[in-house]
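Given next are the chains, with one letter for each unit.
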Amino acid sequence: MAAALVLTGCGAAEEPAPSETATPVSATPTPTPSATAAVPEPTPTATPTPAPIEPDASAFDIDSGASLQVVVNKRRPLQPPEYRPELVAVSSGQEGGELVRPELDAALAGMSQAMRAEIGEGTFVFSSYRGYERQAELYSGYVARYGQAEADTTSARPGHSEHQTGLAIDVSGTGGACRLATCFGDTAAGRWLAEHAWQHGFVVRYPQGLEHITGYEWEPWHLRYVGIEVSTAMHEEGAATLEEFFGLEPAPDYAP
Ligand SMILES: [Zn+2]
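The paragraphs below set out a description of the structure included in this document. Keep in mind that this is a model prediction, so the values were computed, not measured. (Residues numbered from 1 in each chain as written. Predicted model: local features only at pLDDT ≥ 70, side-chain atom pairs only at ≥ 80, totals over all residues. Heavy atoms only, no water.)

1. Here we look at the coordination of the zinc ion
Part 1 of the reasoning: Bound to the zinc ion are the protein donor atoms H163 (NE2), D170 (OD) and H222 (ND1), situated 2.0 to 2.1 Å from the metal.
Part 2 of the reasoning: Counting along the primary sequence, the residues that act as donors to the zinc ion give the motif H-x6-D-x51-H. Taken as a pair, H163 in the loop between α5 (148–154) and β4 (168–173) and H222 in strand β6 (residues 222–225) lie far apart in primary sequence, 59 residues in all.
Part 3 of the reasoning: The class for H222 is buried, based on a relative accessible area of 2%. (Donors = N, O, S within 2.8 Å, 3.2 Å for Na, K, Ca; no water. Helix = DSSP H or I, 4+ residues; strand = E, 2+ residues; numbered from the N terminus. Buried < 20%, exposed > 50% of the residue type's maximum accessible area, 1.4 Å probe, protein only.)

Shown next, in the form of C-alpha cells:
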C-alpha cells in the first residue's frame, strides 16, 4: 500500500526525470516489438521497462473526501457523508457567496481568462459547494414536489452530491445564456468549455447520452475539477466519465 502510494499522486512526473526524455527506448538497437507484438522472445536485455508517462488511473485516491480525484456518484457516497473540505470564495465571475476548494478556484481563474480571450466571455459560477444539510433540504424539496423516482433523476441524495466535495461548479458564460438548461451546450460558452475545460483540469461530469453510467442526464453546465493530470489523461484516452477512467462500475441508480 505504502509502496504503491509512493508512485502515485504527482510521483509519476517526478520519477527518473522522464518528462523530456520521453523516447529513450528508441535508442536501443533492438527493434522493440512495438506494433506486431507476438514476438516470443525471452528479452534478456533487462531494460528497466519503458515506464509509462501517463498517470495510472489506479494511482489516484478516489475514495477519500479530501482527494481531488474523489469519485462520488449514486453508488459511491462521499466519505464521510458530511465531509466539509477547505473552501475559498470563487475569485472569478460568480453569483455571490460561491465557495469551492482553492485548487479549483485557481484553475477556474485561468480557464475563465482563457475563455474570455477566445470568445469574449468568461465563466460565471451560479452554484458550487453545498453542505450535507443544504443538499438534504434540496433533495427533500424535490421529493415532496415530484416524488422520489423523479427527484432521483435530477437531484442527488444527501451524501451523494458531487457539490459536497467543493470540486463541482455549475456555470454559464458571463453572458448568462441558457443558464441551467441543456441549450447551454450549444452556446459559445458551452461549446468552448466542452472543448477546452480539460486543459484546465476540469471535465464535463455528466456528458450527453451517458446517464446509464453517471446516473444523470446531460448537464453541460456542471464541471468537475479533477486536476490537470487526470483531465489530460481522460482526454487522451477518450474516457468521457470518471467511472470509465477509473474502471468503476456504472452508477445509473442507487444500489437496490
Ligand atoms: Zn451541478
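Resuming the write-up.
2. Some remarks on the nonpolar core
Part 1 of the reasoning: Membership of the largest hydrophobic core comes to 25 residues, with the highest contact counts inside it found for L104, L108, M111, I169, L193, F202 and L223.
Part 2 of the reasoning: Counting only elements with at least two residues in this core, the list comes to α3 (102–119), β3 (123–127), β4, α6 (188–196), β5 (202–204) and β6.
Part 3 of the reasoning: For this core, the element with the highest residue contribution is α3, accounting for five residues.
Part 4 of the reasoning: The residues touching L223, leaving out its near neighbours within four places in the chain, are M111, L167, A168, I169, V171, L193, F202, V203 and V204.
Part 5 of the reasoning: Ranked by size, the runner-up nonpolar core spans 13 residues in total, among them V71, V203, A239 and F245. (Core = buried A, V, L, I, M, F, W, Y, C linked by side-chain atoms within 4.5 Å. Contact = heavy atoms within 4.5 Å.)

3. Examining unusual backbone geometry
Apart from glycine, the bulk of residues carry a negative phi angle, and the bulk of peptide bonds sit in the trans form.
Part 1 of the reasoning: The step from Q79 to P80 runs through a cis peptide bond, and the omega angle for that step is -10 degrees.
Part 2 of the reasoning: Here P80 shows up in the loop between α2 (11–14) and β1 (88–89).
Part 3 of the reasoning: Despite not being glycine, C178 shows a phi value in the positive range, around 55 degrees.
Part 4 of the reasoning: A relative accessible area of 26% means that C178 is categorised as partly exposed.
Part 5 of the reasoning: Of note, the phi angle at L180 is positive, near 60 degrees, even though the residue is not glycine.
Part 6 of the reasoning: Among the structural elements, L180 can be located in the loop between β4 and α6.

4. What to know about helix α4 (residues 132–146)
Given 3.6 residues per turn, any residue in an α-helix points the same way as the ones three and four places further on.
Part 1 of the reasoning: The end-to-end C-alpha distance of α4 is 21 Å, a good match for the 21 Å that 15 residues give at a rise of 1.5 Å each.
Part 2 of the reasoning: Following α4 by one or two positions, G147 adopts a phi angle in the positive range, close to 90 degrees. (Expected span 1.5 Å × (residues − 1).)

5. Looking at the state of the cysteines
Part 1 of the reasoning: For the structure on display, the rule yields one disulfide.
Part 2 of the reasoning: Covalently, C178 is tied to C183 through a disulfide, its sulfur atoms 1.9 Å apart. Disulfide C178 to C183: torsion about the S-S bond roughly -115 degrees, handedness left-handed. (Disulfide = S-S within 2.5 Å.)

6. Remarks on the environment of I213
Part 1 of the reasoning: Looking at where I213 falls in the secondary structure, it is placed in helix α7 (residues 211–214).
Part 2 of the reasoning: When the C-alpha positions of I213 and D253 are compared, they lie 9.0 Å apart, and in sequence the two are 40 residues distant.
Part 3 of the reasoning: Apart from residues lying up to four places away in sequence, I213 is in contact with T241, E243, P250, A251 and P252.

All we've got here are geometric facts, nothing functional implied.
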